[in-house]
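Secondary and tertiary structure notes
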Amino acid sequence: MEDELSTVFKALGHPIRRRILDILKDSPKTTGELNDYFPEVTRYAIMKHLSLLVEGNLVVVRREGKYRRNFLNAVPLQKMHNRWIGKYMQSAANSLLNLQSVVEKTGGELDMKVTNQNQSQVFKIEQEVLIDAPREQVFKALTERAGDWWEFRLAPKGVPSEFTFHPVPGGQFTEKWGENQGAVWGNVYYVNAPEEIRLHGHLGMQGAVNSSYTYRLVEKEGSTVLQLSHHASGILQENWEQEHSEGWKYLLGTLLKNYLEQNRSSK
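Residues numbered from 1 in each chain as written. Predicted model: local features only at pLDDT ≥ 70, side-chain atom pairs only at ≥ 80, totals over all residues. Heavy atoms only, no water.

Counting its regular elements, the chain contains eight helices and ten strands. For the chain, long-range pairs separated by at least 24 residues make up 54% of all intrachain contacts whose partners lie at least 6 apart in sequence. Just so you have it, the chain exposes about 15,900 Å², and 50% of that area is on carbon and sulfur atoms. (Helix = DSSP H or I, 4+ residues; strand = E, 2+ residues; numbered from the N terminus. Contact = heavy atoms within 4.5 Å. Areas by Shrake-Rupley, 256 points an atom, 1.4 Å probe, with all protein chains shown as cover.)

The omega torsion across A193 and P194 is 0°, close enough to zero to call that bond cis. For P194, the position within the fold is in the loop between β7 (181–192) and β8 (196–200). Not every positive phi belongs to a glycine, and L203 is a case in point at roughly 55°. Phi angles above zero are rare outside glycine, and E221 is one such case at about 50°. Examined against the element boundaries, E221 turns out to sit in the loop between β9 (209–220) and β10 (223–236).

Next up on the list: the sheet that holds strand β3 (residues 67–72). The strands that make up a sheet pair up through hydrogen bonds in the backbone, lying either parallel or antiparallel. Strand order in this open sheet of three strands is β1-β3-β2, and the pairing throughout is antiparallel. Pairing within the sheet leaves two strands with one partner each, and these edge strands are β1 (29–30) and β2 (59–64). Where β2 meets β3, six bridges bridge the pair, whose relative direction is antiparallel. Across the sheet, residue R62 finds its bridge partner in β3, namely R69. (Pairing = 2+ DSSP bridges.)

Now for helix α2 (residues 15–26). An α-helix turns once per 3.6 residues; consequently, residues spaced three or four apart project the same way. In this model, α2 (twelve residues) spans 17 Å end to end at C-alpha, consistent with the 16 Å of a helix rising 1.5 Å per residue. Listing the buried residues of α2 in full gives I16, R17, I20, L21, I23 and L24. End-on view of α2: buried residues confined to an arc of 160°, all on one side of the axis. Exposed and oriented more than 90 degrees from the buried face of α2 are K25 and D26. (Expected span 1.5 Å × (residues − 1). Buried < 20%, exposed > 50% of the residue type's maximum accessible area, 1.4 Å probe, protein only. Arc of directions from axis to C-beta.)

We now examine the pattern of salt bridges. Per the stated rule, a full pass over the model turns up eight salt bridges. A salt bridge links D148 to R145; the shortest N-O distance between them is 2.8 Å. By relative accessible area, which is 38% here, R145 ends up partly exposed. Each of E64, R69 and K124 takes part in one network of salt bridges that share partners. (Salt bridge = Lys/Arg side-chain N within 4 Å of Asp/Glu carboxyl O.)

Here we take up the pairing of strand β5 (residues 162–165). Only one face of β5 is buried, namely the one carrying F163 and F165, since none of E162 and T164 on the opposite face is buried. With four bridges connecting them, β5 and strand β6 (residues 172–177) associate as antiparallel partners. Each bridged residue has a counterpart across the sheet, and for F163 the counterpart in β6 is E175.

The next thing to look at is the side chain of R135. Looking at the element boundaries, R135 is found in helix α7 (residues 135–142). R135 sits in the buried class, given a relative accessible area of 13%. At a separation of 3.3 Å, a polar atom in the side chain of R135 contacts the main-chain carbonyl oxygen of L217. Once residues within four sequence positions are removed from consideration, R135 is found in contact with P194, E195, L217, V218, E219 and T224. (Polar contact = N/O pair within 3.5 Å; in protein donor to acceptor, adjacent residues only side chain to side chain.)

Written as structure tokens, this is what we have:
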């Protein structure tokens, strides 16, 4: 954990690298597109900065044809946040940050006027988590054992529910409560166990939304790199991308990771 934090702090230690993360926060970029943001810096230097961000696990790279597309991976930043910001401190800190933002935008005067925000039409979330467990165990936990760690529920508050996940083409990831009540979290449309599984699912979003998510599992020295891709388009509320990004970090980077690693260490 300490070595991981040292790598993250090193990656954050240069203003260009922090600026790259700011850019990727809005949307993924190819290396060439990032280079255009820094006309005073050589392409080689940008690639060096990106390498350090990848080493710190703050950037995830996907190859799309001849292009290298870079995505922000906020999981390490969330771990830092969880280490030093408790849930009670978070509320106070957020309130102060919101107040500071309002004051700065209004030149020192508070403006309480509420304005409507444009609805986003698309988002793409890419995250990566290293789990100290074999790939087969991670795949089984993601699918057949999802009910053991998947904390979010669509059932009414206080009503117990059960999950089932059939990791076959045409299978479903469902939550059921009562006799004839329930919800579908995902419909499976591609499986290559234990390497990859793809699903369509709204994941709590409502209305005219097309949403799909993919788990890819890569073996790494006895551990597993879990790669998540979640794409959504349609009539999206402005807060959905942030909520789902934070939700995935919590589900995969905390709940699933702890579930697998604690079970492994107890054996």
